[in-house]
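Spelled out from the first residue to the last, the chains are:
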Amino acid sequence: MKRFSSMMLMSMLLLSACGSKVIEVHEPWARTAAKGENGVVYMILHNHTSVDDQLLGASSDTAQAVEIHESRMSDNGVMQMIPRDSVPLGAGEEVEFNPGGLHIMLVDLNRDLAAGDQISLTLHFANYADVTLSVPVQDASGMDGSHHMP
Ligand SMILES: [Cu+2]
């Protein structure tokens, strides 16, 4: 079921977007989490425009704050989350937000995020207009090794 809906979403995105001069968000999803915890959103940003851009931040009514983070292994082998002020998104480029790398952190959720929910997330860019998307919440506990790593 999960596979089916994300494939449907992908083909919808492909049909609607390829060839047009837009910034596309592919395969967005949020991890299940409880109120008061931090949530996390992953996605792929694809800049189909001919203008270099940057993601400057995001907002959502589900959390007290929304931050761009990057998980990185420190020199002594500890996984750390580093806040990022911006993420470059050059013309024609694709940037992946995925477990163990870049992610959108929903800081202090004001509601539970349950599998099957949809949350609203608005992305802010340096040049491009705001993009508001509906992000499906998925239970990632079956995903190999990555589920305890933001
Ligand atoms: Cu984080």
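The present account deals with the structure reproduced in this document. Every chain begins its residue count from 1, and numbering advances along the sequence as written. Only residues with pLDDT of at least 70 get local features here, since the model is predicted, and only at 80 or more are side-chain atom pairs given and counted; chain-wide, interface and lining totals rely on the full set of residues. Remark: hydrogens and water are excluded; side-chain values derive from all non-hydrogen atoms of the structure.

Take the coordination of the copper ion next. Note: metal donors comprise N, O and S atoms at 2.8 Å or less from the metal (3.2 Å for Na, K and Ca); water molecules are not included, so apparent gaps in a site are possible. Within the protein, the atoms that donate to the copper ion are His69 (ND1), Met81 (SD), His103 (NE2) and Met105 (SD), at distances of 2.1 to 2.4 Å. Viewed at the metal, the 4 donor atoms of the copper ion are separated by angles of 92 to 129 degrees, and the geometry they form is tetrahedral. Positions of the donor residues of the copper ion, expressed as sequence spacing, correspond to H-x11-M-x21-H-x1-M. The buried label applies to any residue whose accessible area, calculated with a 1.4 Å probe on protein chains only, is under 20% of its type's maximum; exposed applies above 50%, and partly exposed to all values in between. Assessed through its relative accessible area of 0%, His103 is described here as buried. Residue Met105 is classed as buried on the basis of its relative accessible area of 5%. Every geometry call rests on angle ranges, with four donors termed tetrahedral when all angles are between 85 and 135 degrees, four termed square planar and six termed octahedral when opposite donors are over 155 degrees apart and all others are between 65 and 115, and everything else termed irregular.

A few words now on unusual backbone geometry. Despite not being glycine, Glu27 shows a phi value in the positive range, around 50 degrees. With respect to the helices and strands, Glu27 occurs in strand E1 (residues 23–31). You will see that Asp108, though not glycine, has its phi angle at about 60 degrees, which is positive. In this description a helix means any DSSP run of H or I spanning at least four residues, a strand means any run of E spanning at least two, and both kinds are numbered starting from the N terminus. Relative to the assigned elements, Asp108 resides in strand E8 (residues 102–109).

Our next topic: the pattern of salt bridges. We define a salt bridge as a contact between a side-chain nitrogen of Lys or Arg and a carboxyl oxygen of Asp or Glu at a distance within 4 Å. Summed over the entire model, instances satisfying the criterion amount to 3 salt bridges. The salt bridge partner of Arg84 is Glu70, with a shortest N-O separation of 2.6 Å. With Arg84 in strand E5 (residues 79–84) and Glu70 in strand E4 (residues 63–73), this pair connects stretches of sequence that are 14 residues apart. Arg84 gets classed as partly exposed once you look at its relative accessible area, which sits at 25%. Using a relative accessible area of 17% as the deciding quantity, one classes Glu70 as buried. With its nearest N and O atoms 3.2 Å apart, the salt bridge here joins Arg111 to Asp117. Exposure remark for Arg111: the relative accessible area of 31% places this residue in the partly exposed category.

Before going further, it helps to spend a moment on the packing of aromatic side chains. Planes of paired rings set the category: under 30 degrees apart is stacked, over 60 is edge-to-face and the rest tilted, where pairs are Phe, Tyr or Trp rings (Trp by its six-membered ring) whose centres lie within 6.5 Å. Tallying each qualifying case throughout the model produces 2 aromatic pairs. Judged by centre distance (5.0 Å) and plane angle (45 degrees), the rings of Trp29 and Tyr42 are tilted. A residue pair is termed long-range when its members are at least 10 positions apart, and Trp29 in strand E1 and Tyr42 in strand E2 (residues 39–47) qualify at 13 residues. By the burial criterion, Trp29 is buried, and Tyr42 matches it. Between the aromatic rings of Phe125 and Tyr128, the centroid separation amounts to 6.1 Å while the plane-to-plane angle is 85 degrees, which identifies the pairing as edge-to-face. In this structure Tyr128 comes out as partly exposed when scored by relative accessible area, which is 25%.

Quick look at the environment of Gln138 now. Along the chain, Gln138 falls in strand E10 (residues 131–138). Linking Gln138 and Ala115, residues 23 residues apart in sequence, is a C-alpha distance of 4.7 Å.

This part covers the pairing of E2. The element E2 is extensively covered by neighbouring structure, given that 9 of its 9 residues are classed as buried. Of the two faces of E2, the one carrying Gly39, Val41, Met43, Leu45 and Asn47 and the one carrying Val40, Tyr42, Ile44 and His46 are both buried. Where E1 and E2 come together, 6 bridges link them in antiparallel fashion. Note that in E2 the partner of Ile23 across the bridge is Asn47. Pairs of strands are assigned from DSSP output, requiring at least two bridges between the strands. Bridging between E2 and E8 involves 3 bridges; their strand directions are antiparallel. When the bridges of E8 are listed, Val41 appears paired with Ile104. In the sheet, E2 pairs with strand E7 (residues 94–97) via 4 bridges, with the strands oriented antiparallel. Paired with Ile44 across the two strands is Glu96, which belongs to E7.

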